[in-house]
Amino acid sequence: MMSTARNERLPNQPLSKLQSVGASIPETGHPVVSVVTTKPDSVLDDIESGMTLAGIHQHFTPEIATLLKINISWQHWYPGCSTSPWQLDGVIQALKKLGHRELIGAHNGTVVVDSFEGERNNKHKVVQDKHGLPTVHLDSVPNNWVEYVPKSEMLVLNDIFPEGIQIPEIFAGKNIIHLPTMKTHVFTTMTGAMKNAFGGLLHRKRHWTHSVIHETLVDLLAIQKEIHPSLFAVMDGTFAGDGPGPRAMRWHIKNKILASSDQVAIDAIAAHMMGFDPMDIKFIRLAHERGLGCGDISKIQVVGEDISQVNWGFSGTENTLASRGQKMIYWGPLKFMENFLLRSPIASWAYLASNIYHNGYWLQTHGRNRIKKALETEWGTLFKSY
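Worth saying up front: this structure is predicted, and the values here are computed from it rather than measured.

Q: Explanation requested: the packing of helix α8 (residues 213-227) against helix α10 (residues 282-289) in the structure shown.
A: If you want to describe how two helices pack, look at the angle between their axes and the distance between the axes. Where α8 meets α10, the closest approach of the two axes is 8 Å, and the angle between their N-to-C directions is 40°. With respect to their mutual orientation, α8 and α10 come out oblique. Crossing handedness for the pair α8 and α10: right-handed. Contacts from His214, Glu215, Leu217, Val218 and Leu221 in α8 reach Lys282, Phe283, Leu286 and Ala287 in α10. Along the lines of polarity and charge, the residues of the contact of α8 with α10 split into six nonpolar, one polar and two charged.

Q: Would you explain the confidence of the model for the protein chain in this entry?
A: Detailed reading of the predicted model is not advised wherever pLDDT is low. For the protein chain, per-residue confidence averages 88 on the pLDDT scale, and 88% of positions sit at 70 or higher. pLDDT under 50 marks residues 1-27. Its contacts with residues more than four places away, or in other chains, come to 78 contacts.

Q: Even after reading the chapter, I still don't get the environment of Lys96, so can you show me in this structure?
A: Within the element layout of this structure, Lys96 appears in helix α3 (residues 85-97). We classify Lys96 as partly exposed; its relative accessible area is 31%. With 35 residues separating them in the primary sequence, Lys96 and His131 have C-alpha atoms 9.6 Å apart. Each residue touching Lys96, except ones within four places of it in the same chain, is listed here: Arg101, Leu103 and His131.

Q: Looking at this structure, I do not really get the side chain of Asp89. What am I missing?
A: By the secondary structure assignment, Asp89 is in helix α3. The residues contacting Asp89, other than those within four sequence positions of it, are Leu44, Val127, Lys130, His131 and Tyr386.

Q: When you look at the packing of aromatic side chains in this model, what are you seeing that I'm missing?
A: Here the distance between the centres and the angle between the planes together describe a pair of aromatic rings. Summed over all chains, the structure comprises eleven aromatic pairs. Seen from their ring centres, Trp77 and Phe239 are 6.2 Å apart, and the 70° between their planes marks the pair as edge-to-face. Of this pair, Trp77 sits in the loop between β3 (66-70) and α3 while Phe239 is found in strand β11 (residues 231-242), placing the two residues 162 residues apart along the sequence. With respect to class, Trp77 is no different from Phe239; both count as buried. Pairwise contacts between aromatic rings join Trp77, Phe239, Trp251 and Phe383 into one cluster. If you follow Lys123 out to its NZ or CZ, it ends over the ring of Phe383, 4.5 Å from the centre.

Q: How do you make sense of the pattern of salt bridges when you look at a structure like this?
A: Scanning all chains against the criterion turns up eight salt bridges. In this structure, the salt-bridge partner of Arg285 is Glu289, at a minimum N-O distance of 3.8 Å. With Arg285 and Glu289 both in helix α10 and four residues apart, this pair spans about one turn of that helix. When salt bridges with common partners are traced through the structure, they connect Asp242, Arg250 and Glu318 into a single cluster.

Q: For this particular structure, what's the right way to read the environment of His207?
A: Here His207 shows up in the loop between α7 (193-201) and α8. Classification of His207 by relative accessible area gives buried; the value is 11%. Separated by 97 residues in sequence, His207 and Thr110 have C-alpha atoms that sit 8.8 Å apart.

Q: Which parts of the structure should I look at to understand unusual backbone geometry?
A: Glycine aside, negative phi is the norm for most residues, and most peptide bonds take the trans geometry. Backbone torsion omega between Gly245 and Pro246 reads 15°, so that peptide bond is classified as cis. Along the chain, Pro246 falls in the loop between β11 and β12 (250-260). Notably, Lys123 is not glycine yet its phi reads approximately 65°, a positive angle. Examined against the element boundaries, Lys123 turns out to sit in the loop between α4 (115-121) and α5 (124-131). The phi dihedral of Thr189 is positive, around 70°, even though this residue is not glycine. Following the sequence through the fold, Thr189 ends up in strand β10 (residues 189-191).

Q: So what exactly am I meant to see when it comes to the nonpolar core here?
A: For soluble globular proteins, nonpolar side chains are generally found buried alongside one another. Met182, Met190, Leu258, Ile269 and Met273 are the most contacted members of the largest nonpolar core, which has 66 residues in total. In this structure Met190 touches Lys183, Thr184, His185, Asp267, Ala270, Ala271, Met274, Phe276, Ile281, Phe283 and Ile284, once residues within four positions along its chain are discounted. One finds Ile70, Ala94, Ile177 and Ile257 within the second-largest nonpolar core, a separate group that totals 44 residues.

The rules behind each value
- Residues numbered from 1 in each chain as written.
- Predicted model: local features only at pLDDT ≥ 70, side-chain atom pairs only at ≥ 80, totals over all residues.
- Heavy atoms only, no water.
- Axes fitted to C-alpha atoms, helices over the stretch in contact; angles between N-to-C directions.
- Helix = DSSP H or I, 4+ residues; strand = E, 2+ residues; numbered from the N terminus.
- Parallel < 35°, antiparallel > 145°, perpendicular 65-115°, else oblique.
- Left-handed = near helix turned anticlockwise from the far one by under 90°.
- Contact = heavy atoms within 4.5 Å.
- Nonpolar A, V, L, I, M, F, W, Y, C, P; charged D, E, K, R; others polar.
- pLDDT = per-residue confidence, 0-100.
- Buried < 20%, exposed > 50% of the residue type's maximum accessible area, 1.4 Å probe, protein only.
- Phe/Tyr/Trp six-rings, centres within 6.5 Å; stacked < 30°, edge-to-face > 60°.
- Lys NZ or Arg CZ within 6 Å of the ring centre and 35° of its normal.
- Salt bridge = Lys/Arg side-chain N within 4 Å of Asp/Glu carboxyl O.
- Core = buried A, V, L, I, M, F, W, Y, C linked by side-chain atoms within 4.5 Å.

This is the structure in structure tokens:
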């Protein structure tokens with residue numbers, strides 16, 4: 001495959017593993033992922049450029065309403081953890097320039113994260129108010145959920161929810177843009193566009209699927225392709241996180257924005273940049289094998305930046321005390337007690353334990369100092385300006 005940018009070999013990686021091209025959309029039939037370098041004073045325009053390079057105008061039309069799936073991984077602001085305000089701001093600005101008027105922000109809470117508090121602390125509400133963006137908090141109105149029977153064969157969801165799979169009624173028939181950040185995750189090595197659907201398309205019992213999380217993400221992508229006319233993702237790597245994500249991470253300033261209409265491809269490129277082999281990450285490999293997107297980076301066109309030498313060396317194998325305990329239940333010696341501990345009336349103990357650990361111990365002993373240092377950077381200054 002021809003390339004208009006230099007293609008050099010990473011250590012222990014054959015030339016065929018990655019192709020990069022310059023600032024033009026290639027006509028090769030291969031999925032396109034744009035990678036744009038940015039800075040605080042140009043980030044809104046850079047997001048628009050990244051979306052244009054990735055062909056947003058080819059996939060979305062203003063006649064169809066578009067959901068913006070905002071990521072809130074923690075109700076506290078922590079760099080690289082949740083959708084950034086400039087990420088949301090830039091995407092809305094770009095879509096409005098393309099004539100999109102029916103935009104809807106979609107938030108979700110979890111059993112341990114309050115989406116309303118997270119919306120405020122992560123400065124999403126400021127951006128929403130600026131643009132007059134209507135929003136929906138998916139978990140706040142139970143009647144918003146309807147049963148959905150997938151046309152595709154499900155790997156695990158029918159078994160986990162034999163009473164029926166429920167999805168938000170508002171999702172069907174609308175386009176969706178996922179707004180993840182570049183970070184690692186204790187259960188999935190890395191988390192991106194595919195994992196972002198986990199927080200919106202499944203209800204609060206989604207944690208029941210953690211023991212089969214990779215298969216769940218593949219099932220959810222199959223459902224998305226059935227209910228959404230088009231999908232897109234804009235990933236924020238201005239702050240990126242490695243270590244025991246999504247909350248107890250080490251943040252790094254990487255100044256990158258990624259965009260693509262292929263949810264698998266953008267996750268594959270993000271994984272590659274973080275230092276992982278995408279096809280070693282189970283949800284990427286399974287989605288690729290099922291034809292839901294491309295996880296083979298030799299068949300992905302990267303436009304904008306040459307990333308052939310990029311390897312951030314992130315760690316996706318670290319754990320917190322909380323995640324070690326969860327893994328013992330999901331895949332370890334306590335597996336036989338999973339239903340009792342996490343799916344019975346006593347499950348609230350797990351939510352309490354997570355809150356005490358993350359919002360109490362870890363935030364006070366590690367998080368506060370890291371947040372303070374992040375706020376002293378130029379991206380921190382931009383965050384405070386919202």
